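Read off the chains here:
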Amino acid sequence: MPQQLAISRAARLLGVSRAALQKRIKEGGLHSFDGTITSEELLQLYPDLQLEDSGLFERTQKIKQDAFRRRVMDRTLPAKEVLAERLYEQSLELNDIKHHLQNYHTLVVGLQDKIHELGGSQPEARSALVQLDEWLEHELRHVLGEDKKPDTLDVIDAMLRVMSAHVTLHPSGRDFFVEGNDTLLEAALKAGLALNYGCSSGNCGLCKARVISGQVMKTRHFDYVLSEPEKQQGYTLMCCHTAVSDVTLEALEASSASDIPKQQISAKVKAVTQLSQNMMLLHLQTPRSHRLRFLAGQSVTLGHVEAGSGEFPIASCPCNDRDLQFHIQRGVGGSFSEKVWNGLKTGETITVYGPWGDYLFREESQNGVMFIAFDRGYATIKSLLEHSMARESAEDMILVWSASTPDGHYMSNLCRAMEDALENFHYLPVSVAGLESEDAAASQVIDALLEAYPKARQLDIYLAGPENQIAPAREKLLAAGFPNNKLTAMVV
Ligand code: FES
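On a predicted model such as this, the values are computed, not experimentally measured, just so you know.

Colleague: Describe the sheet that holds strand 16 (residues 369-374), and please don't skip the residues or the numbers.
Modeller: Pairing within the open sheet is parallel, and its five strands lie in the order 18-17-16-19-20. Taken across any chain shown, the strands that pair with only one partner, and hence form the sheet edges, are strand 18 (425-431) and strand 20 (487-491). Here the strands of the sheet are splayed against their neighbours by 15° on average, with no regard to which way each runs. Direction of pairing for strand 16 relative to strand 19 (residues 460-465): parallel, over a ladder of five bridges. Each bridged residue has a counterpart across the sheet, and for A373 the counterpart in strand 19 is A464. The sheet contacts of helix 13 (residues 412-421) involve strand 17 (397-403) and strand 18, and relative to strand 18 the element is tilted by about 150°.

Below, the structure is given as C-alpha cells:
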C-alpha cells in the first residue's frame, strides 16, 4: 500500500521547498488528500529520484567523510542520547513489522497445508483447489524470490526519521523539523514560527507547551518548576527539550504584534561594518538568556549611554533572536547614528527597547510575494524576506529594490547570490538616481516591475522606505490596479 506523506515531509524527501510542491498541487500535477501525498504519486512525478539527489544524502556522505571531525558531527547529528532513542523507536517499529511478517508467513503456509488436505479428501473440489494451490505457489515464489530494489523514498524517509523529528503544532497545524542538537524552541524559530517564549534558558516558563503525542527528551538543565498537574498533563519546556519521535504539541503562537511583549535588553556591539558610502551595518548580540522576541518587519529603539537613542528597523530574521542587524544610514537617526558613524566600538553596550510596529507577514501569501524596497527600506524588507524564506510558504518571492543614489543597492551581491541559490526568488534592482521627483521615481519603479512581472497584481505586496517615497508609490500602485487589500506599506 502506498505510503501517505505530509507535504512538508515529502518536500524534504525530494529536497524541494514545500511551496514548490504546493504549486504542483495547485497546477493539478499532483494530488493531495488532507494535506498528504502518496509516495507512489511522488515517484511517478520524480521517477529518477535517487538517494544521491537528496540534500540529506549529501549531508550524510559529508558526515561519513568527516567522521573524525567532531565539529561537523556535532553540528549535524543529534546528541547520542537522542540518536539512541530514535534508533530504539525505529527498532521497535521494525520489530513489530517483522513479527507481523512472520505471522503472515505462518498463515500462508498453514493455508497451503489446508488446501493440500482438502484437495486429497474431496475429489469434486480437487480441480479448483489444485488451481488455487498452483496460484499460491506461483505468487509465493514471486514474492519471496523477487530481487526487489528498496523503495528509495522509504529509505530516505527512514534516514530522515533518525536525523530529524517532525513536529506539528496544535491548534494552528503549522509544522517544522527538529534537527541536530536543536531544542524544540530553536527549531521552531528557525522555521519562522512565532511561538511564545521568554528567557530561552529554562527560567521563566513562558515556553511551556503540552505534548499531545510523541516523545520529547530533556537536553538542557532548567530551574523552572512545572507543577504536578502540569507534568501529568504532559507539559514541557520547549527551550530545554528536543523531539525524539514525531511530536504533536499544543503551543501558544503570536497572531499579532500585540502578542509580543515590550522588552529591554542590554546587547553588545559585535561588529560595525561599512556597506557603502552612506550605509553602515551594526551587528548586536544579546545575552544568551535574554534574547529579543520580535516579528519580521518590526523596529526597536537603540540607545547608547552617551549618544542618546533612535528608532531603527531590524534588518535580520526573527529566526535568529540573538544576532540583531541594523542598517544605519549616515545622517538618519540623530545622535545615535552619528555615534555609529564616528567611532562606536566592538563590545560597547547598546540598550535595545521594543519591538515596535504592527506589520504582520501574511502566512497565507501562497500565490507569491513581492517586496518593494525604497533605499534604506531594504533593511525592513530583508527581515521579511528572510522570514518568508524560513517559512517556505510563498511560491515565489520577488524583491524590487529602488535606489536613488549610485551606490544605493548596498547589498546587491547578497541578493544576486540568493537569486542564484533559490529557484523561487527573483531580484530586480531599479536605479532612479538623478530623477527629479519621488513621483517620477515611483512611476519608473512600477513600470519596471510590471514589465518584468506582468502578473504582479495577483501578489501580496510589501513596500518599505521613507514616507516621501512610499506615499507616491502606493498611490501609483492603486492607480495601476493593484488591490488595496494586498498592499502593506511600512514607513521607515
Ligand atoms: S523560554 Fe523561559 S523557560 Fe523556556
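Colleague: Outline the nonpolar core, supporting the account with residue identities and numerical values.
Modeller: Residues F371, L399 and V445 are the most contacted members of the largest nonpolar core, which totals 90 residues. Among all residues touching V445, those that are not within four sequence positions of it are I372, V400, S402, V430, V432 and A473. Within the second largest apolar cluster, eight residues are counted, among which are A10, L14, L21 and I37.

Colleague: Quick one: what's the story with helix 12 (residues 378-391), residue by residue and with numbers?
Modeller: The first and last C-alpha atoms of helix 12 sit 19 Å apart over 14 residues, in line with the 20 Å expected at 1.5 Å per residue. Taken as a whole, helix 12 has its buried residues at Y378, A379, T380, I381, K382, S383, L384, L385, H387, S388 and R391. With its phi angle positive at about 55°, E392 sits one or two positions after the end of helix 12.

Colleague: Explain the sheet that holds strand 4 (residues 175-179) residue by residue, including any values.
Modeller: Across the sheet, five strands lie side by side as 4-3-9-5-7; this open sheet has mixed pairing. Strand pairing shows two members of the sheet lacking a second neighbour, strand 4 and strand 7 (235-237), which therefore form its edges. Neighbour-to-neighbour, the strand axes of this sheet turn through a mean angle of 40°, independent of strand direction. Relative to strand 4, strand 3 (residues 164-170) runs antiparallel, the two being bridged by five bridges. Looking at the pairing, V167 lines up with F176 of strand 4.

Conventions adopted
Residues numbered from 1 in each chain as written. Predicted model: local features only at pLDDT ≥ 70, side-chain atom pairs only at ≥ 80, totals over all residues. Pairing = 2+ DSSP bridges. Helix = DSSP H or I, 4+ residues; strand = E, 2+ residues; numbered from the N terminus. Axes fitted to C-alpha atoms, helices over the stretch in contact; angles between N-to-C directions. Contact = placed C-beta atoms within 7 Å. Core = buried A, V, L, I, M, F, W, Y, C linked by C-beta atoms within 7 Å. Buried ≥ 20, exposed ≤ 12 C-beta atoms within 10 Å, placed from the backbone. Expected span 1.5 Å × (residues − 1).

By themselves, these are just geometric observations and shouldn't be taken as functional.
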